[in-house]
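Spelled out from the first residue to the last, the chains are:
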Amino acid sequence: MALKIVKGSIDRMFDKNLQDLVRGIRNHKEDEAKYISTCIDEIKQELKQDNIAVKANAVCKLTYLQMLGYDVSWAAFNIVEVMSSSKFTYKRIGYLAASQCFHESTDVIMLTTNQIRKDLSSPNQYDTGVALTGLSCFVTPDLARDLANDIMTLMSHTKPYIRKKAVLIMYKVFLKYPESLRPAFPRLKEKLEDPDPGVQSAAVNVICELARRNPKNYLSLAPLFFKLMTSSTNNWVLIKIIKLFGALTPLEPRLGKKLIEPLTNLIHRALDLLYGMVSKKNLMEIVKKLMLHVDKAEGTTYRDELLTKIIDICSQSNYQYITNFEWYISILVELTRLEGTRHGHLIASQMLDVAIRVKAIRAFAVAQMATLLDNAHLLTGNMQRNGICEVLYAAAWICGEFSEHLENPIQTLEAMLRPKVATLPGHIQAVYVQNAAKLFATVLKGQEGNTDSTAAQETSQLMIDRLPLFVQSANLEVQERASCILQLVKYIQKLQQKDVEVAEEVSALFAGELNPVAPKAQKKVPVPEGLDLDAWINEPPSESESEDEQPKAIFAKEEPKHSRPRHTEVDEKELARRREARKQEQANNPFYIKASPSSQKVYQDTPGVEHIPVVQIDLSVPLKVPGMPMSDQYVKLEEERRQKERAEKKKKEKKKRKEKRSGRGKKQDSGPESEEDITPAHMVDIVTEEMPENALPILILFYFLSVNILLTEMIAFFWPSFKVCDIQGNLQDGSQVVVSVIFENKCDSFLKSMEFNVLDSLNSKLQRPEGSGPHDGLTVPFQLPPGVSNEARFVFTVQSIVMPQKLKGTLTFIVKNEDSSTHEKLDFKLHFTCTSYLITTPCYSDAFAKLLESGDLKGSSVRLEGVNMPFHHLLARICFHHHFSVVERIDSCASMYSRSIQGHHVCLLVKTSGQTVSIDAKCDEPTLLGNVLDEIKQTFSQC
Amino acid sequence: MQFMLLFSRQGKLRLQKWYVPLSDKERKKISRDLVQTILARKPKMCSFLEWRDLKIVYKRYASLYFCCAVEDQDNELITLEIIHRYVELLDKYFGSVCELDIIFNFEKAYFILDEFLLGGEAQETSKKNVLKAIEQADLLQEVSMLSSIDGFSWLF
């Protein structure tokens, strides 16, 4: 604020300050050169004055003109004068001007040496700071030679702020005066271990720059830098150090080995960043890059890390960023070719999840899985738990469950019954056996339609031949399923031999589709009468019971059955906990569709399977892309698809624009493609709200709130037109009025730098901070994003309250748009009515009587004609609008009282007869009374 | 870094900072050339370009282009990061900064830049520290202004 004050005072002393100059230039677009030449003349005059403030102001303006390309070298000496000022304010301007305008051939630089030396040793760290900053821009070999020692001393200054700057500027000094390097180097090296991170990073910067020029000399610092690299968390410093090592490693090959570990750590940090970076637009590209790294990666740990990252990135927020699931399946399939990974289970669960939840992808997924089964021998190299063979679990299940999509089911069935399968882990074999049975059912169905019945029998024979291998399995689950199914097939074969059609019945064994269930689906099912869901069925288990040891089931997670005593009341906490647990359970269960914006659909009221939402996919990409490593092709396809879409969009836009040519539509800048522009190949469910083409005019709403008591009158000013609406005045002690203004931004642009200013009258003045001039505006202490309102309070000093007041004011502000900003001004009037100085004060009738008896009050009266309202409404209106309280009311007569902020008593006697109201009033201040009565009259004339 | 330029979409220079000594004539030529080159580039084109023996890194924020020239061994990405950090600093200091802020308070924009970069090298990587230093220097400026007001008080 204080700065404002001074600017205000300078305003009146000088012709122009910097702001005026800038404004002037902007207003003289036509004859800019002429305007500036008059300004330069003025500046020359100002520079001739003795007053340093005037000079500094002139120099500041010159700095601006210099940027615009005008020659200001003639003022170099004046700049030095301002630099030498003892006041920081001017010194700062002087040094800024010098750093902008001086260069090596500026001759006055010679004159500055002593001044700079003095500033460098100033007790004020900011004096030293500006000197160092300035010096960094115009240091010459002479200055470097003369000041090297001073700067070197500053490298050990007590303030890190100075040390940091001194260290950095040493680099400039070394360049200009290389002899200084040798004596300064030990101290510089010391700064690498400075306790302040800023100084440390400055030292790293300087040494890295030096080392780049001559790496050999800095090899001895490698251990120190290595330590810094492993301990520092500052990315800026890390990047510099890594660059330095890049220069050092060719000279010392042993360094390379040492660097592997810390660098890998850094890479991991980078990978974490990726997670947050992906969008629909760049996902494919990023994953493609990661896949390249996967191929190149040495060491399984790093490769596994990449693998989990890829899956994390793709599956985050419910596959939010995947626009093409075929691509994703291909990526998963490609990942199965990694040898020695420990994340087979993760890949498998992703395959299952996608195949189940994305219906349209099933045919494609099944085809891919069939290929995997066929080539299972490639995957069985790694038999350990969680090895890549886990994906066969998913493959077998998907092929079995969705076998209707298989192109060649017999081949897949055969693949699933190969002897080699018996070497797979038990739980996978079990799935194989079960799904072989499902496949068998599908195959039979296909074959029975044919005239040749031997094919079906052959299939049965295949089952009977191969299954005994599994019956012998050491794994109980496998054994049990295998023997059960073997017997079933034998029975089927018998029937087949009697030419009985069995396919229908066999398929019935596996009928029913497994559908994903929406998380809220259960809610649609009405609770049967008489069922209390909160009641305990069994006694609850004891707390100590451990659930960790539950064996992992394959097809369904068994719910542990608890028994608890009958509880009719369950506390909120418990309910919340259970809800949370259930959510967790659902989140982990692939058969649930999780709540996500993309799956929001209109639910219909009728419950039923048809209405359970399944992710619907609209395929606009051909389903088959031949060849195995396919994800790249998808990237290409996706690119083409987007291009096509974009082209279509452009066409549409063009059309739109044509249609709009008649309106005032603003032409939209077609900037880079944004995230929203990309529609996924599979399913689009983004609701876009059309924004109105034409921005509304800015509306700023003022209103005035009373802080202490009720209301009075409110006046609001709208821009561009004035309108009256509710507003309240506010009163505090005798001469102060606090006005609360609510600023509401009704336009689409950002408003900032608001300045509230009122033209004071003799009687009423806006209170400004001490020292500021009588015409300075007050900065509104906030900014307004579109649609936001906020309140600011302004205090006015009022001398006399007997007359109403109207104050003129302006609000200036900057309207900031996407790519432009304009300075706007808004005029308004502030209306202080006399009633706004009244405060509702209760008064007892005896005190009221005493007041009237005292004889100090002067009387006045007014008659209102044609008032057509009940008496109590009339009174309420006076109370509400004019801050009176009713003292007593007898029939159609009432006495009322109010008090002004300066202690004037106002008494009314209101009588009504028919449509005429007469008000007799008394007050110790007749002018105030007259005005209040006028305002009351006005209130009733409006109704 | 060799220099930094801020210019508007109309090609008006808003701020320039030179970390290498060059004559006014050379500076003018360089900035004119660069402004033309960059303004002619399409929005989707790369933010980096090779220019003479330097690398130019630029980025557009609303109506302003921020452009830096670095040597060919320097990292473009960190330069981009420096630009962004400077914009963040301006934004914090002015509160949602816009071009007008920089035009009307161009000396402040320089002061902020000087606290952030020195001699073309990042001197302070902590946003908090930069702003703290600026605030304190502003405070100092106001104090010295106030004391000078006492001297002018006869004017009022």
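Residues numbered from 1 in each chain as written. Chains lettered and ligands numbered in written order. Predicted model: local features only at pLDDT ≥ 70, side-chain atom pairs only at ≥ 80, totals over all residues. Heavy atoms only, no water.

## Observations regarding the overall build of chain A
Part 1 of the reasoning: Helix and strand counts for chain A stand at 33 helices and 13 strands.
Part 2 of the reasoning: When the 943 residues of chain A are sorted by exposure, 47% land in the buried category.
Part 3 of the reasoning: Summarising the internal contacts of chain A: among those between residues at least 6 apart in sequence, 68% fall at separations of at least 24.
Part 4 of the reasoning: Here chain A displays about 48,500 Å² of accessible surface, and carbon together with sulfur accounts for 52% of that area. (Helix = DSSP H or I, 4+ residues; strand = E, 2+ residues; numbered from the N terminus. Buried < 20%, exposed > 50% of the residue type's maximum accessible area, 1.4 Å probe, protein only. Contact = heavy atoms within 4.5 Å. Areas by Shrake-Rupley, 256 points an atom, 1.4 Å probe, with all protein chains shown as cover.)

## Brief notes about the overall build of chain B
Part 1 of the reasoning: When you go through chain B residue by residue, the secondary structure sums to 5 helices and 7 strands.
Part 2 of the reasoning: Looking at chain B as a whole, 60% of its 156 residues are labelled buried.
Part 3 of the reasoning: Taking as baseline every contact in chain B between residues at least 6 positions apart, the subset at least 24 positions apart corresponds to 47%.

## Details of empty space enclosed by the protein
Part 1 of the reasoning: If you walk through the whole model with that rule in mind, you get 6 cavities of 30 Å³ or more.
Part 2 of the reasoning: Considered as a void within the structure, the second largest cavity measures approximately 160 Å³ in volume.
Part 3 of the reasoning: Together, 17 residues line the second largest cavity, and Arg92(A), Val130(A), Thr133(A), Phe111(B) and Asp114(B) are the ones closest to its centre.
Part 4 of the reasoning: Residue assignment for the lining of the second largest cavity shows that the elements contributing at least two residues are helix H6 (88–101) and helix H8 (125–138) of chain A together with helix H4 (106–116) and helix H5 (127–152) of chain B.
Part 5 of the reasoning: When its residues are assigned to classes, the lining of the second largest cavity shows 9 nonpolar, 4 polar and 4 charged. (1 Å grid on protein atoms, 1.4 Å probe; cavity = no way out; pocket = protein on both sides within 12 Å on 5 of 7 lines; lining within 4 Å. Points joined across faces, edges and corners; volume = space filled by probe spheres on them. Nonpolar A, V, L, I, M, F, W, Y, C, P; charged D, E, K, R; others polar.)

## So, the interface of chain B and chain A
Part 1 of the reasoning: Taken together, the contacts link 71 residues of chain B with 72 residues of chain A.
Part 2 of the reasoning: Between chain B and chain A, the buried area comes to about 6,600 Å², and carbon and sulfur atoms account for 58% of it.
Part 3 of the reasoning: The largest share of the area that chain B buries against chain A comes from Phe104(B), Phe106(B) and Leu118(B), three residues that together contribute 11% of it.
Part 4 of the reasoning: In this structure, the connection of chain B to chain A is made through 7 salt bridges.
Part 5 of the reasoning: Where Lys752(A) meets Asp101(B), a salt bridge forms, and the shortest distance between an N and an O atom there is 2.1 Å.
Part 6 of the reasoning: Linking chain B with chain A are 25 residue pairs in polar contact (both at pLDDT 80 or more).
Part 7 of the reasoning: When contributions to the side of chain B that touches chain A are tallied by element, the ones reaching two or more residues are strand S2 (13–18), helix H1 (24–39), helix H2 (76–94), helix H3 (99–104), H4, strand S7 (121–122) and H5 of chain B. (Buried area = accessible area lost by both parts, 1.4 Å probe. Salt bridge = Lys/Arg side-chain N within 4 Å of Asp/Glu carboxyl O. Polar contact = N/O pair within 3.5 Å; in protein donor to acceptor, adjacent residues only side chain to side chain.)

## What about the pattern of salt bridges?
Part 1 of the reasoning: Counted according to the given criterion, the structure contains 38 salt bridges over all chains.
Part 2 of the reasoning: The shortest N-O distance in the salt bridge between Asp114(B) and Lys17(B) comes to 3.0 Å. Linking Asp114(B) in helix H4 with Lys17(B) in strand S2, this pair joins segments that are 97 residues apart in sequence.
Part 3 of the reasoning: Take Lys17(B): its relative accessible area is 0%, and that puts it in the buried class.
Part 4 of the reasoning: Overlapping salt bridges bring together Glu209(A), Arg212(A), Lys240(A), Glu71(B), Asp74(B) and Glu121(B) as one network.

## Focus on the sheet that holds S2(B)
Residue and element names in this part refer to chain B.
Part 1 of the reasoning: Here we have 5 strands laid out as an open sheet, ordered S2-S1-S5-S4-S3, and antiparallel in their pairing. Looking at the sheet topology across the chains shown, the edges are occupied by S2 and strand S3 (48–51). In this sheet, neighbouring strand axes are inclined to one another by 20° on average, regardless of whether the strands run parallel or antiparallel.
Part 2 of the reasoning: Bridge count for strand S1 (residues 3–8) against strand S5 (residues 64–71) is 6 bridges, and the pairing is antiparallel. Bridged to Met4 within S5 is Cys68. (Pairing = 2+ DSSP bridges. Axes fitted to C-alpha atoms, helices over the stretch in contact; angles between N-to-C directions.)

## Side note on the sheet that holds strand S1 (residues 736–744) of chain A
Residue and element names in this part refer to chain A.
Part 1 of the reasoning: The 3 strands are arranged S1-S5-S3 in an open sheet whose pairing can be described as antiparallel. Edge positions in the sheet fall to S1 and strand S3 (764–766), since each of these pairs with one other strand and no more. Shown here is a sheet whose adjacent strand axes are inclined to one another by a mean of 35°, direction ignored.
Part 2 of the reasoning: Across 9 bridges, the pairing between S1 and strand S5 (residues 789–798) is antiparallel. Looking at S5, one finds that Ile742 is bridged to Glu791.

## Points about unusual backbone geometry
Part 1 of the reasoning: Here Ser317(A), not a glycine, exhibits a phi torsion of approximately 45°, which is positive.
Part 2 of the reasoning: With respect to the helices and strands, Ser317(A) occurs in helix H17 (residues 300–319).
Part 3 of the reasoning: Classification of Ser317(A) as partly exposed rests on a relative accessible area of 42%.
Part 4 of the reasoning: Despite not being glycine, Ser96(B) shows a phi value in the positive range, around 50°.
Part 5 of the reasoning: For Ser96(B), a relative accessible area of 18% puts it in the buried group.

## Concerning the nonpolar core
Part 1 of the reasoning: The biggest cluster of nonpolar side chains holds 153 residues, and the ones touching the most others in it are Phe102(A), Phe138(A), Phe225(A), Phe245(A) and Tyr86(B).
Part 2 of the reasoning: Of all the elements, helix H10 (residues 160–176) of chain A adds the most residues to this core, at 10 residues.
Part 3 of the reasoning: Those residues within four positions of Phe225(A) in sequence are excluded, and the remaining contacts are Leu192(A), Val204(A), Ile207(A), Cys208(A), Ile241(A), Leu244(A) and Phe245(A).
Part 4 of the reasoning: Among the nonpolar cores identified, the runner-up in size contains 94 residues, and Ile286(A), Leu406(A), Leu444(A) and Leu462(A) belong to it. (Core = buried A, V, L, I, M, F, W, Y, C linked by side-chain atoms within 4.5 Å.)

## Some thoughts on the pairing of strand S6 (residues 805–816) of chain A
A regular strand carries its side chains on alternate faces of the sheet.
Residues and elements named next belong to chain A.
Part 1 of the reasoning: The sheet contact formed by strand S2 (residues 750–758) and S6 spans 7 bridges and is antiparallel. When the bridges of S6 are listed, Glu755 appears paired with Thr812.
Part 2 of the reasoning: Sheet topology places S6 next to strand S7 (residues 821–832); 12 bridges connect them, and they run antiparallel. Within S7, the residue paired with Thr810 across the bridge is Asp827.

## Focus on H6(A)
Part 1 of the reasoning: The terminal C-alpha atoms of H6(A), which comprises 14 residues, lie 20 Å apart, in line with the 20 Å expected from a rise of 1.5 Å per residue.
Part 2 of the reasoning: Buried residues dominate H6(A), accounting for 14 of its 14 residues. (Expected span 1.5 Å × (residues − 1).)

## A closer look at a negative patch on the surface
Part 1 of the reasoning: Negative charge collects at one region of the surface, where Asp499(A), Glu501(A), Glu504(A) and Glu505(A) lie side by side.
Part 2 of the reasoning: Relative to the helices and strands, Asp499(A) resides in the loop between helix H26 (476–497) and helix H27 (503–508). (Patch = residues over 30% accessible without salt bridge, like charges linked within 9 Å, V, L, I, M, F, W, Y side chains within 5 Å. Lys, Arg positive; Asp, Glu negative; His and termini not counted. Charge placed at Lys NZ, Arg CZ, Asp CG, Glu CD.)

## Focus: the confidence of the model for chain A
Residues and elements named next belong to chain A.
Part 1 of the reasoning: When pLDDT is averaged along chain A, the result is 77, and 79% of the positions lie at 70 or above.
Part 2 of the reasoning: Below pLDDT 50 for its whole length, residues 545–568 participates in 36 contacts with residues either more than four positions away or in separate chains.
Part 3 of the reasoning: Long-range and interchain partners of residues 679–732, a stretch whose pLDDT sits below 50, account for 167 contacts in this model, where long-range means more than four residues apart. (pLDDT = per-residue confidence, 0-100.)

## As for the side chain of Glu390(A)
Part 1 of the reasoning: Structurally, Glu390(A) is set in helix H22 (residues 390–401).
Part 2 of the reasoning: Residue contacts for Glu390(A): discarding those within four places in its chain leaves Gly344(A), His345(A), Ala348(A), His427(A) and Ile428(A).

## Focus: H17(A)
Given 3.6 residues per turn, any residue in an α-helix points the same way as the ones three and four places further on.
Part 1 of the reasoning: The largest bend in H17(A) amounts to roughly 35° and is located at Asp312(A).
Part 2 of the reasoning: Most of H17(A) is tucked away, with 14 of its 20 residues classed as buried. (Bend = angle between axes of the 7 residues up to and from the residue.)

## Digging into the packing of helix H16 (residues 283–296) of chain A against helix H18 (residues 325–335) of chain A
Residue and element names in this part refer to chain A.
Part 1 of the reasoning: In contact at an axis separation of 12 Å, H16 and H18 are set at 10° when each is read in the N-to-C sense. Taken as axis vectors, H16 and H18 run roughly parallel relative to one another. Contact residues: H16 offers Leu283, Met284, Val287 and Met291, while H18 offers Trp327, Ile331, Glu334 and Leu335.
Part 2 of the reasoning: Grouping the constituent residues of the contact of H16 with H18 by class yields 7 nonpolar, no polar and 1 charged. (Parallel < 35°, antiparallel > 145°, perpendicular 65-115°, else oblique.)

## Here we look at the confidence of the model for chain B
As a general rule, the predicted coordinates of low-pLDDT regions are not to be interpreted in detail.
Part 1 of the reasoning: Mean pLDDT over chain B stands at 85; residues scoring 70 or higher make up 91%.
Part 2 of the reasoning: In the predicted assembly, ipTM is 0.89 and pTM is 0.54.

## Some words on the packing of H6(A) against H4(B)
Part 1 of the reasoning: Their axes nearest at 11 Å, the elements H6(A) and H4(B) cross at an angle of 80°. It follows from the interaxial angle that H6(A) and H4(B) lie roughly perpendicular. Contact residues: H6(A) offers Arg92(A), Leu96(A) and Gln100(A), while H4(B) offers Glu107(B), Lys108(B), Tyr110(B), Phe111(B) and Asp114(B).
Part 2 of the reasoning: For the contact of H6(A) with H4(B), a count of residues per class yields 3 nonpolar, 1 polar and 4 charged.

## Side note on a positive patch on the surface
All names here are of chain A.
Part 1 of the reasoning: A surface patch of positive charge is lined by Lys520, Lys523, Lys524, Arg579 and Arg582.
Part 2 of the reasoning: Taken together, the elements giving at least two residues each to the positive patch come down to helix H28 (521–524) and helix H29 (572–588).
Part 3 of the reasoning: Inspection of the secondary structure puts Arg582 in helix H29.

## Notes on the environment of His882(A)
Residue and element names in this part refer to chain A.
Part 1 of the reasoning: If you trace the backbone, His882 turns up in helix H32 (residues 871–882).
Part 2 of the reasoning: Residue His882 is classed as buried on the basis of its relative accessible area, which comes to 1%.
Part 3 of the reasoning: Here the alpha-carbon distance between His882 and Thr840, two residues 42 residues apart in the chain, equals 8.3 Å.
Part 4 of the reasoning: When residues no more than four places from it in sequence are discounted, the contact partners of His882 are Thr835, Leu838, Arg877, Ser898, Glu935, Ile936 and Thr939.
Part 5 of the reasoning: Of the polar contacts made by the side chain of His882, one reaches the side chain of Thr939; its length is 2.6 Å.

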